[in-house]
Amino acid sequence: MRRVFLALAALMLLADAPDASGQSVDFSSRELSLGDELQQVINSKRLQLGQPELQSLTNELEEAQLIYSDAVLNELLRGNACDHDRRDFTALQRLIATSPKPIDVATPTSEVIGCPSPTRGWSPRLEVELWRQSPHHDHILFEEQDHRYIGCAVKQVSGQTAALCTLWSPNS
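Described below are features of the structure shown in this document. Along every chain, residues carry numbers that run from 1 in the direction the sequence is written. For this predicted model, a pLDDT threshold of at least 70 governs which residues receive local features, and a threshold of 80 or more governs which side-chain atom pairs are given and counted, while totals over whole chains, interfaces and linings are taken from all residues. Just so you know, side-chain values use all the structure's heavy atoms and leave hydrogens and water out.

## Quick look at the sheet that holds strand 4 (residues 160-170)
Two strands qualify as a pair provided that DSSP identifies no fewer than 2 bridges between them. Think of it this way: any DSSP run of H or I at least four residues long counts as a helix, any run of E at least two long counts as a strand, and we number them from the N terminus. What the four strands build is an open sheet, ordered 1-3-4-2; its pairing is mixed. Only two strands of the sheet have a single partner each, and these edge strands are strand 1 (55-56) and strand 2 (106-118). Bridge count for strand 3 (residues 149-157) against strand 4 is nine bridges, and the pairing is antiparallel. Note on strand 4: the bridge partner recorded for Ile150 is Leu167. Contacts from helix 4 (residues 86-98) reach strand 2 and strand 4 within the one sheet, and its direction differs from that of strand 2 by about 145°. Working rule for contacts: check all heavy atoms of both residues, and any pair within 4.5 Å makes them a contact. To obtain an axis, a line is fitted to C-alpha atoms, over the contacting stretch when the element is a helix, and the angle between two such axes runs from 0 to 180 degrees between their N-to-C directions. Its contacts with the sheet put helix 6 (residues 135-142) on strand 2 and strand 4, and the angle it makes with strand 2 is roughly 140°.

## Some details on the state of the cysteines
Working definition: a disulfide is two cysteine sulfur atoms within 2.5 Å of each other. Per the stated rule, a full pass over the model turns up two disulfides. Covalently, Cys82 is tied to Cys115 through a disulfide, its sulfur atoms 1.6 Å apart. One end of the pair, Cys82, is in the loop between helix 3 (59-79) and helix 4; the other, Cys115, is in strand 2, and 33 residues separate them in sequence. For Cys115, a relative accessible area of 33% translates into the label partly exposed. Type-normalised accessible area, obtained with a 1.4 Å probe on protein chains alone, sets the label of each residue: buried when under 20%, exposed when over 50%, and partly exposed for intermediate values.

## Focus on the nonpolar core
Grouped burial of nonpolar side chains is what soluble globular proteins tend to show. In plain words, nonpolar cores are sets of buried Ala, Val, Leu, Ile, Met, Phe, Trp, Tyr and Cys residues tied together by side-chain atoms within 4.5 Å. Counting residues in hydrophobic clusters, the biggest one holds 21 residues, and the most contacted among them are Leu61, Tyr68, Leu73, Ile96, Leu164 and Trp168. Within the residue set of this core, elements represented by two or more residues are helix 3, helix 4, strand 2, strand 3 and strand 4. If sequence neighbours within four positions are ignored, Leu73 has contacts with Phe27, Ala153, Val154, Lys155, Ala162, Ala163 and Leu164. Among the nonpolar cores identified, the runner-up in size contains 18 residues, and Leu38, Ile42, Ile150 and Val154 belong to it.

## Structural notes on the pattern of salt bridges
Criterion for a salt bridge: a side-chain nitrogen of Lys or Arg within 4 Å of a carboxyl oxygen of Asp or Glu. Under the definition given, this model contains three salt bridges. We note a salt bridge from Glu129 to Lys45, for which the minimum N-O separation is 3.7 Å. Highlighted residues: Glu129 in helix 5 (residues 124-133) and Lys45 in helix 2 (residues 29-48), separated in sequence by 84 residues. For Asp70, the salt bridge identified is with Lys155, shortest N-O distance 2.6 Å. In this pair, Asp70 is assigned in helix 3 and Lys155 in strand 3, connecting sequence segments 85 residues apart.

## Quick word on the side chain of Ser69
Its location among the elements puts Ser69 in helix 3. With a relative accessible area of 0%, Ser69 lands in the buried category. What Ser69 contacts, discounting residues up to four positions off in sequence, is Phe27, Asn74, Ala153 and Leu164.

## Notes on the packing of helix 3 against helix 4
Running from N to C, helix 3 and helix 4 cross one another at 165°; their axes reach a closest spacing of 11 Å. Considered as vectors, helix 3 and helix 4 are oriented roughly antiparallel to each other. Judged by the twist between their axes, the crossing of helix 3 over helix 4 is right-handed. Facing helix 3, whose interface residues are Leu61, Ala64, Tyr68 and Glu75, helix 4 presents Asp88, Phe89, Leu92 and Ile96. When describing relative orientation, an angle under 35 degrees is termed roughly parallel and one over 145 degrees roughly antiparallel, while 65 to 115 degrees is termed roughly perpendicular and anything else oblique. In a left-handed crossing the near helix is turned counterclockwise from the far helix by less than a right angle, and in a right-handed crossing that turn is clockwise.

This is the structure we're talking about:
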């Protein structure tokens with residue numbers, strides 16, 4: 001958990017930086033591509049179910065989401081666990097709300113976690129099907145009406161893959 005707070009503190013510095021796009025997190029181009037594909041599969045399924053697509057995050061919000069996801073996914077993969085401390089998510093919400101840079105156009109309101117599983121055979125389509133089989137995850141992704149934005153991240157370490165999608169609601 002300490003690592004997540006350090007990542008969030010780094011995000012606060014990014015929010016003040018003139019050009020945060022020069023900063024990076026520890027995702028390979030393949031992992032970033034898998035995160036994009038996961039988002040596309042979710043949106044495709046939403047359209048099949050008569051739900052509107054979720055929009056991509058703004059650059060600043062995506063950066064915040066990736067910093068948060070990097071820390072959480074590393075924690076999950078290190079511990080081969082399927083959950084993390086809810087205080088990390090609350091800290092992300094508070095950070096967005098109090099950021100000195102005007103990035104608070106939306107607030108993270110929900111998330112779904114894809115537990116660490118063997119990389120062999122893992123795919124965004126399989127992950128979405130697993131989430132569909134869980135009433136809780138299915139509700140968050142395909143039934144809740146207040147979400148308008150989504151950011152997904154995938155991390156692969158030592159033959160294990162974990163995923164995290166954060167859903168955001170617009171601020172008034």
